[in-house]
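Listed below, chain by chain, are the residues.
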Amino acid sequence: MHRAMTRLTSLFAAVCLLATMAVAPASAKEPARTVAKKSQISKSSRTVARKPAKPRVAAVSVRGSQRIQASTRRAVVPPKPSFGQLAGLHGTSDALDLRSSSVLIVDQDTQEVLFSKNDSAVLPIASLTKLMTGLIVSEGNLPMDEMITITQDDVDTEKGSRSRLRVGTSLSRGELLHLALMSSENRAAHALGRTYPGGLSTFVNLMNAKAALLNMKDTRYVEPTGLSSNNQSSAQDLAILVSVSSKNATLSELSTSPGHQVAVGRRTLQFNNTNRLVSSPQWDIGLQKTGYISEAGQCLVMQTKVAGRKLIMVFLDSIGKYSRLGDAERVRRWVEANPGPLTPVTNPAIKRVSG
């Protein structure tokens, strides 16, 4: 009886032990999952704390506002005054109410001065420079079919102007001369000077020597494009250059061409004349050149026939994009309205202007 009770007690203890073992793992696993979830929540909370969500819309709005403010700042920057403006030349009034501060109109055949205003003032001449560039190239008797490649040296570092003639573009000397005179292509003009026998310095020396030979006493060139404000001349000197250049058939033809296409690789580029008067039936223009940099203002020179008279017209330092053309129109109407001998109109002449 005693042994039987002992077995029952042992069996009961064994059952209890098995029950305890069966329950223990289940109770142990549950706290582990709970701790893991708490750890994940804590880690997620730390991540959020370190990297808060960015308000994307607000950031875009700020950038947009900055762009608008930058655009506004650029829009309100006043243009750089020209040398003529700094010298007060635009305070000089004239009978034709012209916007150019320096003007000279000469009868090419008789050399009679028909109109002048500040015609001896020495001013930057911008791309009017290219007339002398063209004259030197034309008189150099170089092969016009020789191919010239635009290089990094031809890129404008003076004013940062753009060009459709990319570095690596190859065109003939004749095409570059055409683009320089007709559409005032700066890289074309620079490449013409750079590739002249002897190099750019030789070319510039020839420009100045030619000016001296033509008795252009107030003219100085430092490069062949006109981007430098140190290229300077007077209306009197430029009238001489226009008269001589107009007798050069190549310069006359190329400078008055309304437009020209050039093949550049797989592309065909259309270039147009910077002077829209060449396409006007009211004008008979034998030679022309436009120019602009901020220091020079809007410039225009022409050899043209008005009312049966060959005239040399020089307009320097004009204010407004189309004012130089408006001045030319006023002069043409004035000459047409007075077909007989004209009484010369002269205004004070200022010799030299410095900026």
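Residues numbered from 1 in each chain as written. Predicted model: local features only at pLDDT ≥ 70, side-chain atom pairs only at ≥ 80, totals over all residues. Heavy atoms only, no water.

Undergrad: Report on the confidence of the model for the protein, specifying residues and quantitative values.
TA: Taken residue by residue, the protein gives an average pLDDT of 84. The fraction at 70 or more is 75%. Every residue in residues 15-20 is under pLDDT 50, and counting partners more than four places away or in other chains gives 0 contacts. For residues 22-51, every residue scores under 50 in pLDDT, and the model assigns this stretch 0 contacts once sequence neighbours within four places are set aside. (pLDDT = per-residue confidence, 0-100. Contact = heavy atoms within 4.5 Å.)

Undergrad: Tell me about the side chain of Asn-231, residues and numbers included.
TA: Relative to the helices and strands, Asn-231 resides in the loop between helix H7 (200-213) and strand S6 (232-233). A relative accessible area of 0% places Asn-231 in the buried class. Among all residues touching Asn-231, those that are not within four sequence positions of it are Leu-123, Pro-124, Ile-125, Thr-129, Arg-220, Tyr-221, Val-222, Glu-223 and Gly-226. (Helix = DSSP H or I, 4+ residues; strand = E, 2+ residues; numbered from the N terminus. Buried < 20%, exposed > 50% of the residue type's maximum accessible area, 1.4 Å probe, protein only.)

Undergrad: I'd like a rundown of the sheet that holds strand S2 (residues 113-117), residues and numbers included.
TA: The mixed open sheet is built from 6 strands, whose spatial order is S9-S10-S11-S1-S2-S12. One side of each edge strand has no neighbouring strand; the edge strands of this open sheet are strand S9 (285-293) and strand S12 (345-346). Where S9 and strand S10 (residues 297-306) come together, 8 bridges link them in antiparallel fashion. Looking at the pairing, Tyr-292 lines up with Gln-298 of S10. (Pairing = 2+ DSSP bridges.)

Undergrad: Talk me through helix H5 (residues 173-182); I want residue IDs and the actual numbers.
TA: Residue pairs spaced three or four apart in an α-helix point in one direction, given the helix's 3.6 residues per turn. The element H5 is largely enclosed, with a buried count of 8 among its 10 residues. Three or more residues of H5 are buried, namely Arg-173, Leu-176, Leu-177, His-178, Leu-179, Ala-180, Leu-181 and Met-182. Positive phi shows up at Ser-184, right after H5, with a value of about 55°.

Undergrad: Before we move on, could you go through the pairing of strand S11 (residues 309-318) and cite the residues and values that matter?
TA: For S11, the tally of buried residues reaches 9 of 10 residues, placing the bulk of the element in the interior. The pairing of strand S1 (residues 100-107) with S11 spans 7 bridges and is classified as antiparallel. Across the sheet, the residue bridging to Ser-102 is Leu-316, located in S11. Relative to S11, S10 runs antiparallel, the two being bridged by 8 bridges.

Undergrad: Tell me about the pattern of salt bridges, and name the residues and values.
TA: The final tally for this structure, using the stated rule, is 12 salt bridges. A salt bridge links Glu-295 to Lys-80; its shortest N-O distance comes to 3.5 Å. Residue Glu-295 is found in the loop between S9 and S10, and its partner Lys-80 is found in the loop between helix H2 (56-75) and helix H3 (83-86); the two are separated by 215 residues along the sequence. Owing to a relative accessible area of 6%, Glu-295 belongs among the buried residues under this scheme. Lys-80 gets classed as exposed once you look at its relative accessible area, which sits at 53%. Arg-309 is the salt-bridge partner of Asp-107, the closest N and O atoms lying 3.1 Å from each other. One end of the pair, Asp-107, is in strand S1; the other, Arg-309, is in strand S11, with 202 residues separating them in the sequence. The same class applies to Asp-107 as to Arg-309, namely buried. (Salt bridge = Lys/Arg side-chain N within 4 Å of Asp/Glu carboxyl O.)

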